[in-house]
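# Examination of the molecular architecture
Here is what each chain is made of, one letter per residue.
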Amino acid sequence: MSPRRAVPPIKKASVVRSYATWLLSHGLQRRGLQVEAKRGVLTAMLAIDPKIAADPFPTYELLRGADPIVRGPVVSSTVDHQAANEILRSDDFGTAAGHAELPPFLRRVLERVADPYSLSPVDKPSLLALDPPDHTRHRKLVARAFTARRITALEDRVTSVAEKLLDELDGGSFDLVERYAARLPVAVIADLLGVPEEQHDWLLDWGNRAAITLDPGLTFREFRDAETALRRMHHWFDEHVAQLRRNPGDDLLSQLALIDGEDALTDLELRAIGLLVLGAGFETTVNLIGNAVVNLAAHPEQRDLLVAEPERWPNAVEEVLRYDSPVQLTVRSALRDTVVAGTPVPEGLGILVLLGGVNRDPKVFTDPQAFDVTRANPDQHLSFSAGVHFCLGASLARLEAVTALRTLYARYPDLELAEAPVRRGTRVLHGYEQVRVMTGSPVPA
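In this report, we go over the structure that sits alongside the text. Keep in mind it's a predicted model, so treat the numbers as computed, not measured.

Quick notes on the rules
- Residues numbered from 1 in each chain as written.
- Predicted model: local features only at pLDDT ≥ 70, side-chain atom pairs only at ≥ 80, totals over all residues.
- Heavy atoms only, no water.
- Salt bridge = Lys/Arg side-chain N within 4 Å of Asp/Glu carboxyl O.
- Buried < 20%, exposed > 50% of the residue type's maximum accessible area, 1.4 Å probe, protein only.
- Helix = DSSP H or I, 4+ residues; strand = E, 2+ residues; numbered from the N terminus.
- Polar contact = N/O pair within 3.5 Å; in protein donor to acceptor, adjacent residues only side chain to side chain.
- Contact = heavy atoms within 4.5 Å.

### Considerations on the pattern of salt bridges
Summed over the entire model, instances satisfying the criterion amount to 22 salt bridges. We note a salt bridge from R39 to E36, for which the minimum N-O separation is 3.0 Å. For R39, a relative accessible area of 62% puts it in the exposed group. Residue classification places E36 among the buried residues on the basis of a relative accessible area of 5%. Between E269 and R137 there is a salt bridge, with its nearest N and O atoms 3.5 Å apart. Taken together, the positions of E269 in helix α15 (residues 267–298) and R137 in helix α7 (residues 134–142) put the pair 132 residues apart, joining distant regions of the chain. For E269, a relative accessible area of 13% puts it in the buried group. One continuous salt-bridge network, built from bridges that share partners, spans D80, D361 and K363.

Dropping the structure here:
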């Protein structure tokens, strides 16, 4: 998906600086994962192999055993719901930000060489990379945009965008991701960030290219391409925030940019918040909608039930989140010696919390490999994390998904796939790059 008009060129970071940053943040990690993957270490294979990541669920089941935490030479992991819940909620664990796997002197080198205009949503000062007390301060400020009252007030806007996008379709066959699932959340997030409609395509293009930075062990080519997109986003946010300071609105960034005193945010902090709100608000929801459509096409009897009883859509969205989570993993690092689900965990141990496997724990979910929109407890999933890092935008993502799907199937109740969907190549974000559908005859609006 290309921007509608040319964006002023942004000079790339020097190759030497980029290579040094890549080597310390991804290259060394990639080499370690490759070595362990060749030895058959399942956790390393999940982290490094895109073919396994495309369908990780069989591998999750191989990891499910007597021990809630599977220890590995390079990386450890869990698919145990109790262990994951304890880890995500415990003060004994941090975000593993700042590349904790590196020796202290290499972390200092990385901090010196990293370009602040290339920092990703998983680099400090992003909320994803902060622990309390810094995390508490930033989260409190951003939470103003996600109160229950504000989310409820957005319902009419989400419905309006969904209906407008469907009105623009000619029916027949189209790519659901490009024409609907991507455009709805980016329109809503753009409202929160004060972005005019003519720039929405820029955000889509940059966001799609930068999403891979969430993955571990990128190749240098992958890193370099994503870095270019991130530089464009950082420079654009600088200009955008400057414009909002001159002409503030009632959007989140305007409010944050005008804060004075001890809570005032630096330009880098403002860019980090903007990048995170854009990435989390867009990427999670577009994958959630796409995953829902693909799973309902595979279970037409459940699609028909939802069309007949649309009050079931909220529960159906929870089941999609459980069964086919848009975010498959997160990482935590032990800040001190501790115990998780009865298992000793030493200080410094990094643990991949494999959310996609956690959400299919048979100790919590009956017949967990089955997709069932009538399931009694799908909301016990951990797809939005838990504890202090519970997703701020969870309520908004749920609202967008329920509204988008209910509106889509009210218009096209017989919606089905026109061809096999195309998976994204990312490993952390789990969704589809293309979902071509056939609509049949629309129901009059």
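Structure's up, so let's keep going.
### Concerning unusual backbone geometry
Put simply, K124 and P125 share a cis peptide bond, and its omega is 10°. Its place among the elements puts P125 in the loop between α6 (104–113) and α7. Going from P132 to P133, the amide bond is cis rather than trans, its omega being 10°. Structurally, P133 is set in the loop between α6 and α7. The backbone phi angle of A341 is positive, close to 50°, even though this residue is not glycine. Tracing the backbone shows A341 in the loop between β5 (338–340) and β6 (343–345). Judged by its relative accessible area of 25%, A341 falls in the partly exposed class. Although it is not a glycine, D367 sits at a positive phi angle of roughly 50°. Within the secondary structure, D367 sits in the loop between α18 (355–358) and α19 (394–411).

### Side note on the side chain of S325
One can find S325 in the loop between α17 (313–323) and β4 (330–334). Within polar-contact distance, the side chain of S325 engages the backbone oxygen of V327 at 2.7 Å. Apart from residues no more than four positions distant in its own chain, S325 is found in contact with N291, V320, N359, S383 and H430.

Keep in mind these values describe shape, not function.
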